[in-house]
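# Examining the three-dimensional arrangement
Listed here are the chains, written in short residue letters.
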Amino acid sequence: ETSDPAAIIDSLLAEVRVVDNCDTDPVLTSDFDRADIDVCADAEYDITITWNAVDACGNPAEQVTSVITIVADTEEPVITAPESISIDCGMVSETSDPAAIIDSLLAEVRVVDNCDTDPVLTSGFDRADIDGCSDAEYDITITWNAVDACGNPAEPVTTVITIVPDTEAPVI
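As a starting point, this report considers the structure included with it. Everything numeric in this text was worked out from a predicted model, so none of it was measured. (Residues numbered from 1 in each chain as written. Predicted model: local features only at pLDDT ≥ 70, side-chain atom pairs only at ≥ 80, totals over all residues. Heavy atoms only, no water.)

## Some points on the pattern of salt bridges
For the structure on display, the rule yields one salt bridge. A salt bridge links Asp 10 to Arg 34; the nearest nitrogen and oxygen atoms lie 2.1 Å apart. Residue Asp 10 is found in helix H1 (residues 5-13), and its partner Arg 34 is found in the loop between strand S1 (27-30) and strand S2 (45-54); the two are separated by 24 residues along the sequence. (Salt bridge = Lys/Arg side-chain N within 4 Å of Asp/Glu carboxyl O. Helix = DSSP H or I, 4+ residues; strand = E, 2+ residues; numbered from the N terminus.)

The following block contains the structure:
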């Protein structure tokens, strides 16, 4: 979710004041339209706001304009993911299985963006790929992707999890 630029502009506009020699509350209006804001535009652009005021006697103030520059969000999100690891039976106990270890690893993945507080993070990881009893060591490659609210894609990041199976028989 992107912080609301219109709300930021509204708070700035709320600071605009008009004074009159007799009327303690002259009417202040502007032509600001929230629909003019597009932080996902292809380039920076300006919004010109025209201010008008009139007092109780109908005397209009001289028009004033304000220019707000909208800076387009063209920056990609950044993914931080754990480095590649190996999981072997020495890491597994009766209370922790490989899936739980991998889940804890996956919980460390972060994505940050300059505008979007909640960019969408995806991966192709499938828990069904985990087989601690396979015949040979194998890798699970997880490619992390993210996109922000403006459609800016992150540079994909890869984590490789090497599964080292338990190939030793128990000893009696």
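## Some points on the state of the cysteines
As enumerated under the stated definition, the model contains one disulfide in all. Residue Cys 40 pairs covalently with Cys 150 via a disulfide, S to S 1.9 Å. In this structure, the disulfide formed by Cys 40 and Cys 150 twists by about -75° around the S-S bond and is classed as left-handed. Taken together, the residues span a long stretch of sequence, with Cys 40 in the loop between S1 and S2 and Cys 150 in the loop between strand S8 (138-147) and strand S9 (157-163) at a distance of 110 residues. Given a relative accessible area of 32%, Cys 40 falls into the partly exposed group. Overall, Cys 150 belongs to the buried group, its relative accessible area being 18%. Free cysteine Cys 22: the closest other cysteine sulfur is in Cys 57, separated by 6.6 Å. Taking the relative accessible area as the measure of exposure, Cys 22 reaches 66% and is therefore exposed. (Disulfide = S-S within 2.5 Å. Buried < 20%, exposed > 50% of the residue type's maximum accessible area, 1.4 Å probe, protein only.)

## Regarding H1
Taken residue by residue, H1 has Ala 6, Ile 9 and Leu 13 as its buried positions. Take H1 and look down its axis: the buried residues cluster within an arc of 65°, on one side only. Looking at the buried side of H1, the elements it contacts are S2 and strand S3 (64-70). (Arc of directions from axis to C-beta. Contact = heavy atoms within 4.5 Å.)

## Observations regarding the side chain of Asp 73
The residue Asp 73 is located in the loop between S3 and strand S4 (78-80) in this model. As a buried residue without a salt bridge, Asp 73 has its nearest oppositely charged side chain in Arg 34, at a separation of 17 Å. Within the structure, Asp 73 has its side chain in polar contact with the backbone nitrogen of Glu 75 (distance 3.2 Å). Not counting the four nearest positions on each side in its chain, Asp 73 is found in contact with Val 39, Asp 113, Asn 114, Cys 115, Asp 148, Cys 150 and Asn 152. (Lys, Arg positive; Asp, Glu negative; His and termini not counted. Polar contact = N/O pair within 3.5 Å; in protein donor to acceptor, adjacent residues only side chain to side chain.)

## Describing the environment of Ile 140
Inspection of the secondary structure puts Ile 140 in strand S8. Spatially, the C-alpha atom of Ile 140 lies 9.8 Å from that of Ser 84, the residues being 56 residues apart in sequence. Not counting residues up to four positions away in its chain, the partners in contact with Ile 140 are Phe 125, Asp 129, Ile 130, Thr 159, Val 160, Ile 161 and Ile 163.

## Some words on the environment of Thr 50
As for its position among the elements, Thr 50 is in strand S2. Here Thr 50 is in contact with Thr 29, Ser 30, Asp 31, Gln 63, Val 64 and Thr 65, once residues within four sequence places are set aside.

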